[in-house]
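# Secondary and tertiary structure notes
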Amino acid sequence: MQDIVKKEQKRLDWTISVIEELIVDKKQKAKSIANDVVEAQLIEYAKKEVKKLKDIQQNPYFGRLDFEDEFGAETIYIGKKGVERDGELVVVDWRTDLGRLYNAYQGVQKTFRIGKDNRPVTINGKRGIIIEDGKVMKVTEIGQTVIVENEQGEKVKYMDDYLKEILTNTEEAHRLRDIIASIQAEQDEIIRLPLKDTVIVQGSAGSGKSTIALHRISYLLYQYHEQVKPRDILILAPNEIFLSYIKDIVPEIEIEGIEQRTFYEWASTYFTDVNSIPDLHEQYIQVYSSTEKDNLIKIAKYKGSLRFKKLLDDFVEYIGNTMIPHGDLIIESGVILAKEEIHRFYKSKEHLPLNARMKEVKDFIMSWSNGQIKKWKAQIEEEFEEAYRKWVVTLPEGEERKTIYKALENAKELRMKIFIEKMQHEISLVVKKMENIPALLMYKSVFQKKVFDKFQPDIDEELLSLLLKNGRDIKQEKFMYEDIAPLIYLDAKINGKKLQYEHIFIDEAQDYSPFQLAIMKDYAKSMTILGDIGQGIFSFYGIDRWEEIESYVFKEKEYKRLHLQTSYRSTKQIMDMANRVLLNSNYDFPLVIPVNRPGDIPSIKKVGSIGELYDEIVNSIRLFEEKGYKKIAILTMTKQGTVDTFDQLKRRNVTQIEAITEGHQELKEKIVIIPFYLVKGLEFDAVIIEDVSEETFKDDTQHAKILYMSITRAHHDLHMFYRGDLSPLLEDRDPNEPPKPRKSFADWLITDITDPYTEPRVEAMKMVKNEDTLRLFDDEEEEFVKESFEDDRERYYDFHAWLKVWRRWAELRKKLEQK
Ligand SMILES: Nc1ncnc2c1ncn2[C@@H]1O[C@H](COP(=O)(O)OP(=O)(O)OP(=O)(O)O)[C@@H](O)[C@H]1O
């Protein structure tokens, strides 16, 4: 091994010296005097090159790849940035095709195809090289990062030493870091999708979604540099805390200049002033602390739905139709603009926003009017010409002739005047109705009974009365978070869009409503949408399943849906705990596959009193500090909980702590006390969840999601406390026991759920045919059962989800029995 390190050191020394030569050369160029603009640009470029080369000189690459193609054997070194000398690839940029080859190799498949010509290459080896300040520290033969099944039948991702070393590192002061050196094949596939592809990535907690998004930007800017500039890309993040969390990675992967915002901030920058509207977190607090919670959720869900979007579409179309003339425009006999003609023209401008469309119609009418005036003028001139010839020209020169001539002239002018005045009058009547409509006014007018009666007569009565009541607030411009998307949408429908991006990235997309995602689609040529339904804690608004948007928002073949199941953030023990919550909650998704990074088993401790709780939290903090952790989080359920815990810990002389209660704060201290709804996307060395009692974490989907998300914030260690009884979501169930059916349908079960060979059935399925098959919930049967559950969708989804978990268990059982 020492020998390999020595050899690699030799190669590194050579690379460093080549880079040195390049620096000297570029510096020379940078010093020259520019005679014109082009030369000035070249000088600027040389300066940038010098900086780039200096930055990477002491650590120019992280890996080596040995391969063979039709030209023979090759060895290349892969780095964050490419280095070339006279056409020779000294370091290969990770974003190139050869870089893809490096990431694709996982030690199993050896032959790949690369380049436009799809030429075959065979990999002979891959090395991870850890370099510090010009010294090769470690060389590892890598590539064996595959998913294996352990003795219990659980899937685990096998890590090579290189990945292990990277994942165990606690040196980072908890900013998102680049993973260029250890991108995994399944992640790389997403990063390198073509620019035009819209992709939905469902990824477990810690599977690298945020990281992938940022690396994909870097890749797109590199590969499509002529077409895509940083200003053409928008990244939407969950909150400002998260934006500061990704700050450091930006220059590292060369994605400076990208517009990074929260949806809220994006909306306020370009559209309405949203400052008086609560943001998602504020709204979450308002909704869940309100006695009207259920009603508020119903309103928010409806306003975030595509159904509401359809209502707005119909409403705008209707208003447009009422604005254009509904009768013929009659000025004189023979001077008529038929209403059909106006309507035909209006229809042909369907693609335009309403106000622009109206302007076109106005122009159309005006140009018709000008044409008619001209025509009328010519006709009158002709008529009077005739009269002159008849009455004036025939008279001898003299007073009488003059008088008649004048009279005729006056009559002509009068007729013209009358015609023009009539025309102007009629047109002004028509045009008055086509005045610009402000989007806000339009939105205020939506919440009327007659609007719903006309466009959505089948709307649920209770929902309708809630919406009408809410309409009173809307009239007074008291908006909620869910009003922002429709306001933007109406604005675009009426005034047109001001923005268009090449690509939009949406992180934590499960917290977006279908409506919101639909409007974002209008602002981008393509999108990368990343999220985890399992972490959809803002379910009063967000989506519950990707299918909700797939079929409506994106047309078939327009998008790809990809899954990431392996989690890289946490130890195997922490992910086992997260999977336990998923299992206990009958969560409708595959379990997370952890990496085989061992750690301490998360502790769950019962405390007798609130005082004891804080004493125990202090003990945990001390323990974590001893372990050298740089970032520790204490998760609370509420803002008040955060404030209380902060006070209590201060009283116990804990230092370097801070209370984070708003989404715009930046995390600065070592110990962060924070409500769970603000930690989305973040991670910490150790996490303390101060209350996992049954009272706080009830056995329902919403609480399961919160707990799953909270647990998966921990990198190395997790401590949980409770008073009273432990949450059933954390119950340590014997894997040989079948999953526990939810109370909501347990009474309905008519089969023995302990028998892995019999598909579970509920009362409603008695009627289903094919009793002895295991194909339940296929096509017709699924429809049948869905209909039987019509009144109780919750229960249907619960049962459906549970059935999936049960099937997994049954398969596992069968496998174990066969062994
Ligand atoms: N290939 C990899 N090599 C090294 N570290 C990785 C890799 N992929 C992900 N990670 C690490 O795993 C952690 C989780 O990544 P990230 O935050 O991007 O995941 P996520 O899917 O967005 O998570 P969540 O949904 O829980 O917020 C980060 O610390 C990241 O650096």
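Everything numeric in this text was worked out from a predicted model, so none of it was measured.

### Side note on the packing of aromatic side chains
- On inspection of all chains with the given rule, the structure shows 27 aromatic pairs.
- Aromatic side chains Tyr443 and Phe447 sit 5.3 Å apart centroid to centroid with 90° between the ring planes, which places their arrangement in the edge-to-face category. Comparing Tyr443 with Phe447, the two get one shared label, buried.
- Here the basic side chain of Lys126 rests over the ring of Tyr102, its NZ or CZ set 4.5 Å away from the ring centre.
- The ring of Tyr346 is capped by Arg357, whose NZ or CZ atom sits 3.6 Å from the centre of that ring.

### A short note on the pairing of strand β16 (residues 524–531)
- Counting buried residues in β16 gives seven out of eight residues, a clear majority hidden from the surface.
- With four bridges joining them, strand β10 (residues 198–203) and β16 adopt parallel strand pairing. When the bridges of β16 are listed, Val201 appears paired with Leu530.
- Crossover connection from strand β15 (residues 501–506) via helix α20 (residues 514–522) to parallel β16: handedness right-handed.

### Here we look at the site of the ligand
- Lining the immediate surroundings of the ligand are 25 residues, of which Ser182, Lys209, Thr211, Glu683 and Arg713 lie closest.
- Here Ser182 contributes a side-chain N or O atom positioned 2.7 Å from a nitrogen atom of the ligand.
- Between Glu683 and the ligand, the recorded distance is 2.6 Å, taken from a side-chain N or O atom to an oxygen atom.
- In isolation the ligand has 630 Å² of accessible area, and contact with the protein removes 100% of it.
- Considered class by class, the residues forming the shell around the ligand number eight nonpolar, 11 polar and six charged.

### Re the nonpolar core
- Of all hydrophobic cores here, the largest spans 188 residues; its most connected members are Phe263, Trp266, Met520, Ile689 and Ile711.
- Those residues in contact with Trp266, other than ones at most four positions away along the chain, are Leu234, Leu236, Glu259, Arg261, Phe271, Ile488, Leu499, Tyr501, Met520 and Tyr523.

### Observations regarding the environment of Phe112
- With respect to the helices and strands, Phe112 occurs in strand β5 (residues 111–114).
- Residue class for Phe112 comes out buried when judged on its relative accessible area of 10%.
- Between the alpha carbons of Phe112 and Glu737 there is a distance of 44 Å; along the sequence they are 625 residues apart.
- Residues contacting Phe112, with those up to four places away along its chain left out, are Leu101, Ala104, Tyr105, Arg119, Pro120, Val121 and Ile123.

### Description of the sheet that holds β15
- Reading across from one edge, β12-β11-β15-β16-β10-β17 is the order of the six strands in this open sheet, with parallel pairing throughout. Taken across any chain shown, the strands that pair with only one partner, and hence form the sheet edges, are β12 (259–262) and β17 (559–564). Ignoring strand direction, the axes of neighbouring strands in this sheet form an average angle of 15°.
- Of the strand pairs in this sheet, β10 and β17 are connected by six bridges, and their pairing is parallel. Note that in β17 the partner of Thr198 across the bridge is Tyr559.
- Where helix α6 (residues 209–223) meets the sheet, it contacts β10, β11 (233–237), β15, β16 and β17, and its direction lies at approximately 165° from that of β15.
- Most of the contacts of helix α9 (residues 263–270) go to β12, to which it runs at about 105°, and overall it touches β11, β12 and β15.

### Some points on the sheet that holds strand β23 (residues 671–675)
- If you trace the six strands from one edge of the open sheet to the other, you get β20-β25-β24-β21-β23-β22, paired in parallel fashion. Both outer strands of the open sheet, β20 (603–606) and β22 (657–659), are each paired with one neighbouring strand and no more. On average, adjacent strands in this sheet sit at an angle of 20° to one another, irrespective of strand direction.
- In this sheet, β23 lies alongside β22 in parallel orientation, the contact comprising three bridges. Bridge pairing in β23 links Glu658 to Val672.

### Notes on unusual backbone geometry
- Even without being a glycine, Asp86 presents a positive backbone phi close to 45°.
- The residue Asp86 is located in the loop between β3 (83–85) and β4 (88–93) in this model.
- Overall, the relative accessible area of 81% leaves Asp86 in the exposed class.
- A positive phi angle, close to 50°, is found at Asp133, a residue other than glycine.
- The topology assignment puts Asp133 in the loop between β6 (119–132) and β7 (135–141).
- Residue classification places Asp133 among the exposed residues on the basis of a relative accessible area of 68%.

### Regarding the pairing of β10
- The buried count for β10 comes to six of six residues, which makes it a mostly enclosed element.
- Every second residue of β10 is oriented toward a common face, with Thr198, Ile200 and Gln202 on one face and Val199, Val201 and Gly203 on the other, all of them buried.

### Side note on the UniProt feature "binding site: ATP" (unreviewed entry) in the chain
- In the numbering adopted here, UniProt assigns the feature "binding site: ATP" (unreviewed entry) to Gly203, Ser204, Ala205, Gly206, Ser207, Gly208, Lys209 and Ser210.
- Among the secondary structure elements, Gly208 is positioned in the loop between β10 and α6.
- Here Gly208 falls in the buried class, since its relative accessible area comes to 14%.
- With respect to the helices and strands, Lys209 occurs in helix α6.
- Once residues lying within four places of it in the same chain are set aside, the contact partners of Lys209 are Val201, Gly203, Ser204, Leu530, Gly531, Asp532 and Gln535.
- At a separation of 3.0 Å, a polar atom in the side chain of Lys209 contacts the main-chain carbonyl oxygen of Ser204.

### What about the pattern of salt bridges?
- Scanning the model with the defined rule gives 51 salt bridges in all.
- One salt bridge connects Arg95 with Asp93, and the closest N-O pair in it is separated by 2.9 Å. As far as burial versus exposure is concerned, Arg95 and Asp93 are alike and both buried.
- Here Asp615 ties to Arg652 by a salt bridge, and the two come within 2.7 Å at their closest N and O atoms. Taken as a pair, Asp615 in helix α23 (residues 610–626) and Arg652 in the loop between α24 (639–651) and β22 lie far apart in primary sequence, 37 residues in all.
- Given the relative accessible area of 39%, Asp615 is considered partly exposed.

Calculation rules
- Residues numbered from 1 in each chain as written.
- Predicted model: local features only at pLDDT ≥ 70, side-chain atom pairs only at ≥ 80, totals over all residues.
- Heavy atoms only, no water.
- Phe/Tyr/Trp six-rings, centres within 6.5 Å; stacked < 30°, edge-to-face > 60°.
- Buried < 20%, exposed > 50% of the residue type's maximum accessible area, 1.4 Å probe, protein only.
- Lys NZ or Arg CZ within 6 Å of the ring centre and 35° of its normal.
- Helix = DSSP H or I, 4+ residues; strand = E, 2+ residues; numbered from the N terminus.
- Pairing = 2+ DSSP bridges.
- Right-handed = clockwise from strand over helix to strand, strands pointing away.
- Near = heavy atom within 4 Å.
- Polar contact = N/O pair within 3.5 Å; in protein donor to acceptor, adjacent residues only side chain to side chain.
- Areas by Shrake-Rupley, 256 points an atom, 1.4 Å probe, with all protein chains shown as cover.
- Nonpolar A, V, L, I, M, F, W, Y, C, P; charged D, E, K, R; others polar.
- Core = buried A, V, L, I, M, F, W, Y, C linked by side-chain atoms within 4.5 Å.
- Contact = heavy atoms within 4.5 Å.
- Axes fitted to C-alpha atoms, helices over the stretch in contact; angles between N-to-C directions.
- UniProt positions renumbered as here; feature names shortened; annotations may be inferred.
- Salt bridge = Lys/Arg side-chain N within 4 Å of Asp/Glu carboxyl O.

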